[in-house]
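Coordinates in review
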Amino acid sequence: MNDERLSTFDAHRPLLFSIAYRMTGNSADAEDMVQETFLRWQQVDSSEVQSPRAFLVTIVSRLCINHLQSARVKREEYFGCWLPEPLLTASGQRDDRRLDESLSMAFLLLLERLSPMERAVFLLSEVFDYSHSEVARIVGKSEANCRQILKRARQHISDERPRFEASPEEHEELLQRFVSASVDGDIDGLLSLLSEDIVFYSDGGGRAAAVPKPVYGRPNVTRLLLGARKRFVPEGLVRRIAEVNGQPGIVNYVDGRANSIVMIDVAGDRIRAIYFVSNPDKLSRIPPLVH
């Protein structure tokens, strides 16, 4: 492969990963999809490609659709709650709030309600701003069919689609207050921060401490948090705030390695969801703690 073709692919690599990660919810799978797209790019006759960007987006989108169709069985057999793999993101590098929103745990979990084709059509249309005709060419469907698919996808998730109601600074302040109340065992403080219909999700993948099913309601989540504080906090835990999936989150380290990640979803001045990921497979890409 010549340098020009390689540089063309590298220029589109961030976009391809962005699509693949939102499609799969997993960094390793997304990178596999991008790598396979690169292999296809190597094999194609460049004189037959009018638009490299359109070609590459088409390949990675179709690979992701096929991957999700085959991965659904594995997802159903997963031990406990399945959460997307947390992704450390760089603050201050994006101006489009939709891209931040589409990275959030709340949004990625909503996408799980969609079929692979619905997910692709919805993301390409709603997040990446492709037209109906472009989406149709990418996924290999008619434009009329894509319009119907998009309509169904919107209906599936429109009522619960998350909105950023707090600024990053307000989100971080709420996160810090939540951590302080949890560490101190401050029951009143926790109750004042959690919404009545809060949900706690935890993903240990059967390999780390986690609650196998979602926990619903402020009293139940408060009891869980206070109990976990006594039973599941390892010695030498170090907490650091980092941007995770476009929002402030907490990375917990033990012996310099990521042990778990905590993220919250905010509605107004209350926390409406807590996401706790301790599956070591989903933390292996988090850089070690640098003192």
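Scroll up a little and you will see the structure.
The numbers attached to residues start from 1 for each chain and follow its sequence in the written order. Given that the model is predicted, a residue must reach a pLDDT of at least 70 before its local features are reported, and side-chain atom pairs must reach 80 or more before they are shown or counted; all residues, however, enter totals for whole chains, interfaces and linings. To obtain the side-chain values, all non-hydrogen atoms of the structure were used and water was disregarded.

**Overview of empty space enclosed by the protein**
Using a 1 Å grid laid over the protein atoms alone, points where a 1.4 Å probe fits but cannot get out form a cavity; open sets with protein on both sides within 12 Å along at least 5 of 7 lines form a pocket; any residue with an atom within 4 Å of a point counts as lining. Grid points are joined across faces, edges and corners, and a volume is the space filled by probe spheres set on the points. Counted according to the given criterion, the structure contains 1 cavity of 30 Å³ or more. Of the pockets and cavities examined, the largest cavity occupies roughly 40 Å³. For the lining of the largest cavity, the secondary structure elements donating two or more residues are α5 (105-111) and β5 (257-267). Helix and strand definitions follow DSSP, with helices as H or I runs of at least four residues and strands as E runs of at least two, each counted in order from the N terminus. A total of 3 residues in the lining of the largest cavity trace back to one element, the largest contributor, which is β5. A breakdown of the residues in the lining of the largest cavity according to their chemical character gives 6 nonpolar, 3 polar and 1 charged. Each residue is assigned to one of three groups, with Ala, Val, Leu, Ile, Met, Phe, Trp, Tyr, Cys and Pro labelled nonpolar, Asp, Glu, Lys and Arg labelled charged, and all others, Gly among them, labelled polar.

**Thoughts on the sheet that holds strand β3 (residues 238-244)**
Should DSSP find at least two bridges between two strands, the strands are taken to pair. Here 6 strands make up an open sheet; going across it, the order is β2-β1-β6-β5-β4-β3 and the pairing mixed. Looking at strand neighbours, the two that pair on one side only are β2 (215-216) and β3, the edges of this open sheet. Pairing analysis gives 2 bridges linking strand β1 (residues 194-203) to β2, with the strands arranged antiparallel. Residue pairing for β2: phenylalanine 200 is matched across the bridge by valine 215. Residue contacts follow a heavy-atom distance rule, with two residues in contact if any of their heavy atoms lie within 4.5 Å. Angles shown run from 0 to 180 degrees and are taken between the N-to-C directions of axes, each axis being a line fitted to C-alpha atoms and, for helices, limited to the stretch in contact. Sheet strands touched by helix α9 (residues 168-184): β1, β3, β4 (247-254), β5 and β6 (270-277). Its angle to β4, the strand with the most contacts, is close to 35 degrees. The strands touched by helix α11 (residues 218-231) within the sheet are β1, β2 and β6, with β1 carrying the most contacts at an inclination of about 50 degrees.

**Digging into the pairing of β6**
For β1 and β6, the ladder comprises 6 bridges, and the chain directions are parallel. Looking across to β6, one finds that tyrosine 201 is bridged to tyrosine 275. With 7 bridges connecting them, β5 and β6 associate as antiparallel partners. Residue pairing across strands places isoleucine 264 opposite isoleucine 274, the latter belonging to β6. If you look at the hairpin formed by β5 and β6, you'll find 2 residues sitting between the two strands, and glycine 268 has a positive phi there, around 65 degrees.

**Brief notes about α11**
A turn of α-helix holds 3.6 residues, and therefore any two residues three or four places apart point the same way. Multiply 1.5 Å by the residue count of a helix minus one, and that product is the helix's expected span. End to end, α11 covers 20 Å across 14 residues, agreeing with the expected 20 Å (1.5 Å per residue, within 8%). Arg218, Val221, Thr222, Leu224, Leu225 and Leu226 are the residues of α11 that are buried. For each residue, the accessible area found with a 1.4 Å probe, counting protein chains only, is set against the maximum for its type, and the residue is called buried under 20%, exposed over 50%, and partly exposed in between.

**Considerations on the packing of helix α6 (residues 116-127) against helix α8 (residues 143-157)**
Helices that pack against each other are described as a pair by the angle of their axes relative to one another and the distance between those axes. Look at α6 against α8: their axes get within 9 Å of each other, and the N-to-C directions meet at 90 degrees. Taken together, the axis directions place α6 and α8 in an arrangement best described as roughly perpendicular. On α8, the residues that touch Met117, Glu118, Val121, Phe122, Ser125 and Glu126 of α6 are Cys146, Ile149, Leu150, Arg152, Ala153, Arg154, His156 and Ile157. A class-by-class count of the residues in the contact of α6 with α8 yields 8 nonpolar, 2 polar and 4 charged. Note on angle classes: values under 35 degrees are labelled roughly parallel, values over 145 roughly antiparallel, values of 65 to 115 roughly perpendicular, and the remainder oblique.

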